[in-house]
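Observations on the three-dimensional arrangement
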Amino acid sequence: MGISSLGQEARALTRAVTTTVHDAPTAGTGFAKLRDAAGMVRVRDAAGRVTNGMPSDPLWHQKTPIYQVYTRTFADGLGTGTGNFKGLTDKLDHLQYMRQKAVWISPHNPSGGKDMGYDITDYNKVSRAFGSRPELVDPVAAAKLPPAELAAYDASLMKDFEGFVDAAHDRGIRVVTEMVMNHTSNKHQWFLDDAAKAAGIVKHQGREAAQKWALTKGDEGPMYVWDFTRTKAEGMPDKWSDVRVIFNDLEEGNWAYDDTAKGWYWHRFFSEQPDLNWDNPRVGTEMKRVVDFWMDKGVDGIRFDAVPYLHQGTREAHGMTYYGENMTATHDVIKDFRRHIDTKYADRITLGEANMDAKATREYFGHGDESNALFDFPTMPRVYEGLLARDKAPILAAQETAKGIPENAAWWRFLRNHDELTLEKVSPETREALWKTFTEGDAARGISADPEARINLGMRVRMADAVGHDDNPALKRKAMEALFSLHYSQSGTPILYNGDEIGQGAIRGKNLVDRERVRNTMQWDASAHHGFSSGNHVSEPIQDAAEGAQLVNVAAQKADPNSLMNRTRDMLLARETSVALQSGATETAVQTSAKELLAFERSTPGERIISMVNLSPERTRSTLDVQVPEGWKVERLHGSRDFDVSKGVPSSVELDPYEYQWLRLTPPEAATTATVGGLPSARGASSAAGLALAGAGV
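Our subject in this report is the structure included herewith. Model, not experiment: these values are computed from the prediction. As a convention, each chain's residues are numbered from 1 in the sequence order in which they are written. In keeping with the model being predicted, local features are shown solely for residues with a pLDDT of at least 70 and side-chain atom pairs are shown and tallied solely at 80 or more, while totals for entire chains, interfaces and linings include all residues. Heavy atoms throughout the structure, all of them, feed into the side-chain values; hydrogens and water do not.

Along its length, the chain carries 18 helices and 25 strands. Note on method: radius of gyration uses C-alpha positions; expected globular size equals 2.2 Å times residues raised to 0.38. Computed over its C-alpha atoms, the radius of gyration of the chain comes to 25 Å, within 12% of the 26 Å expected for a compact globule of 698 residues. On the principal axes, the C-alpha backbone points of the chain span a range of 90 × 60 × 55 Å. Categorising residues by exposure relies on relative accessible area from a 1.4 Å probe, with only protein chains included: less than 20% of the type maximum marks a residue as buried, more than 50% marks it as exposed, and the intermediate range marks it as partly exposed. Expressed as a percentage of the 698 residues in the chain, the buried residues total 62%. Every residue pair with non-hydrogen atoms within 4.5 Å of one another is taken to be in contact. The long-range fraction of contacts in the chain, counting pairs at least 24 apart against all pairs at least 6 apart in sequence, stands at 69%. Accessible surface, the chain: about 25,600 Å² in total, of which carbon and sulfur atoms supply 51%. Each helix is a run of H or I in the DSSP string that is no shorter than four residues. Each strand is a run of E no shorter than two, and both are numbered from the N terminus. Per-residue and other accessible areas were derived by the Shrake-Rupley procedure at a 1.4 Å probe size, with only the shown protein chains allowed to occlude residues.

Okay, here's the thing in structure tokens:
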């Protein structure tokens, strides 16, 4: 594969800006040249920190469009029936076409097979499911191979991963991977060792001695959270009984019994996922080694999964009582890891997953010394609430709640992802109403009944399902465009979940377990298996052609300039020309007389952007209160149709169903630096390397 012009420019800029970086690749040779014999990338910057050769930009996480890939269901480049890094590498051109500057991938480590990769058995390897012989995931099958052959196979999988990272970097695309900090699989060697040790203590010293060991805080304590106060017959311990059960549809409680250990272990998710004991310093030491391993493999960021649950206990904060969540010691762990990464590595980030109420979620930024970025869980459900109610109020309220984060931090915003659409933090009344709307159907909104939609405290729906209009494809398409227009014009770093750009829906009617129905295979073209795999059999959740899946695919939409995919790409192209849209400037609500018309402004010194979207499937008339100083230029930056601004911003508008418009206002003496390099870094700070990387065309 030839090196892209973007990759050449990125590396040239690295040399220009970070002059002390050693062994930077010569233009045209590719990022693979940076790897040592062990496959590690350990280039040093002027401060002696490890870089991966990407252009220096410590705030890239504040403005970079992110593409989320569920690796197992994205693309199969080996014909095995499951997605893999060969397929992902082959499809990087699609990410480039869609103007995505970073990719966040789902867990790629070996797992116990329970939670689609989130039950890890080995943090430093690539899952054998991603190779040419996925049957070797089975330990029995793997044991039949000579050790040397198995080791060679594992090494080839790591080479595939390294090749993917290098190919992404060649295109100027950064890579964010997953790290599950809260738990492992119960098949992980750490857990097996803990259980064996516990069994020995119980057998030779008794249950009281085992309980004493369970409560040991130092290195001699367990790697997991145990309790031996009750036998299996006596049932779950009473300890931490106030802690909510997250998977309340699937698990009876947060304790599970291990027959080997003869004791109970704590788990916040599936019972096959025991929680690590962060009171044991060995856990932190081992996890830092994991972070270092993948950072040295060249990744740009790591998502810390399920961070609020690292420590147990009770905490009073924000007028609330938190049971088993958001402990002060948990924040200390995140700060410690942030210091470790910032000291050792340059321009790398941690992304925190903290699905809490708004006040608790914001805590995971710390004072700019915890997570570099957090998922904006508080805003996401409000978007659908506002759309279905045809009312701007929930969205504007969420935008206000999101303000005031540290200067070096960022919200990563998503419309949908690989999990359920969480409704944990909306009001109980709103949750019940949404559940009823989707499970029973709502003819007025064009939502067909989907009895399988509800799960835990959320819904197993994709974006295309959540906007309604199942009976009117044209309106459904317009509604999705309207949401994308909001997504790419509001503040925060926007995430696009693979398949949403073409309007894929969840798989219905197959009784798929857990969240598999929203983790369905990507639909690339109209060939067999929708182009996902050339193999005879697909082992991942795939939509039946009879259910209409053949009607949405990448190839068809790429060929249609007016498709949802190309209209979304147009938004991203327009966003690249705007300083304000890629800054940290937050929203100021624009007054409108119609509740259906959402309008807000984002401003930097040389540019004001007015974004407006009609949240209704009907034409909407409204006043629009935008004051334009004399001499300012008004132009249409982007929109769903032509919009007359020849006389400035109109004081009243009439918008088509789900119409959206972005207007750009510039002063007579617009700052000459406003468009230098095409893009700003966030909140006024600039980085020449970051500007050139983000602004390079593909």
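There is more to say after this.
Here the focus is the sheet that holds strand β6 (residues 226-227). The criterion for strand pairing is that DSSP finds at least two bridges linking the strands in question. The 3 strands lie next to each other as β6-β8-β7, forming an open sheet whose pairing is antiparallel. The strands lining the two open edges of the sheet, one partner per strand, are β6 and β7 (255-258). Across 2 bridges, β6 lies against strand β8 (residues 263-266) in antiparallel orientation. Bridging across to β8, Asp227 finds its partner in Trp264.

Take empty space enclosed by the protein next. Residues are called lining when one of their atoms sits within 4 Å of a cavity or pocket point, these points coming from a 1 Å grid over the protein atoms alone, where a cavity is a set in which a 1.4 Å probe fits but cannot get out and a pocket is an open set with protein on both sides within 12 Å along at least five of seven lines. Grid points are joined across faces, edges and corners, and a volume is the space filled by probe spheres set on the points. A complete count under the given rule lists 6 cavities of 30 Å³ or more for this structure. Considered as a void within the structure, the largest cavity measures approximately 350 Å³ in volume. Phe247, Phe269, Glu353, Asp419 and Arg515 are the residues nearest the centre of the largest cavity, which is lined by 25 residues in total. Three classes are used: nonpolar for Ala, Val, Leu, Ile, Met, Phe, Trp, Tyr, Cys and Pro, charged for Asp, Glu, Lys and Arg, and polar for all others, with Gly counted as polar. Of the residues contributing to the lining of the largest cavity, the split by class is 9 nonpolar, 6 polar and 10 charged.

Looking now at the pattern of salt bridges. In what follows, salt bridge is the name for a side-chain nitrogen of Lys or Arg lying within 4 Å of a carboxyl oxygen of Asp or Glu. Under the definition given, this model contains 60 salt bridges. Residue Lys125 is joined to Asp154 by a salt bridge in which the shortest nitrogen-to-oxygen separation is 3.8 Å. Within this pair, whereas Lys125 is found in the loop between β4 (102-105) and α4 (139-143), its partner Asp154 is found in helix α5 (residues 147-170), the two being separated by 29 residues in sequence. Classification of Asp154 as buried rests on a relative accessible area of 15%. In this structure, Glu424 and Arg244 form a salt bridge, with 2.4 Å as the shortest nitrogen-oxygen distance. Remark: Arg244 occurs in the loop between β6 and β7 and Glu424 occurs in the loop between β15 (421-422) and α13 (428-440); sequence separation between them is 180 residues. Linked through salt bridges whose partners overlap, the residues forming this network are Asp450, Glu452, Asp465, Asp470, Lys476, Arg508 and Arg517.

With that settled, the discussion passes to the layout of surface pockets. Each pocket or cavity is described by its volume, and for the largest pocket that value is around 690 Å³. What lines the largest pocket is a set of 30 residues, among which Pro110, Ser111, Thr121, Ser127 and Val137 lie closest to the centre. Here the lining of the largest pocket is built from residues that sort into 11 nonpolar, 10 polar and 9 charged.

We now examine the sheet that holds strand β13 (residues 373-375). Read around the closed barrel, 8 strands run β3-β4-β5-β9-β12-β13-β14-β18, paired in parallel fashion. Each strand of the sheet is rotated relative to its neighbour by a mean of 25°, with strand direction disregarded. Relative to β13, strand β12 (residues 349-352) is paired through 2 bridges, and the arrangement is parallel. Bridge pairing in β13 places Gly352 opposite Leu374. As a rule, the C-alpha atoms of each element are fitted with a line to give its axis, helices using only the stretch in contact, and angles between N-to-C directions run from 0 to 180 degrees.

Glancing now at unusual backbone geometry. With a phi close to 60°, Asp347 is a non-glycine residue in the positive phi region. The residue Asp347 is located in the loop between α9 (328-344) and β12 in this model. We note that Arg390 has phi near 55°; this positive angle belongs to a residue other than glycine. Residue position: Arg390 is located in the loop between α11 (380-389) and α12 (393-401).

Two aromatic rings, drawn from Phe, Tyr or Trp (for Trp, its six-membered ring), form a pair once their centres lie within 6.5 Å of each other, and the interplanar angle then sorts them: stacked below 30 degrees, edge-to-face above 60, tilted otherwise. Throughout the structure, instances matching the rule amount to 31 aromatic pairs. When the ring of Trp104 is compared with that of Phe375, the centres are 5.0 Å apart and the planes differ by 40°; the resulting orientation is tilted. With Trp104 in strand β4 and Phe375 in strand β13, the pair connects residues that are 271 residues apart, well separated along the chain. The two residues Trp104 and Phe375 agree in class, both being buried. Plain terms: the ring middles of Trp240 and Trp266 are 5.0 Å apart, the flat faces sit at 70° to each other, and that makes the pair edge-to-face.

These figures come from the coordinates and say nothing about function on their own.
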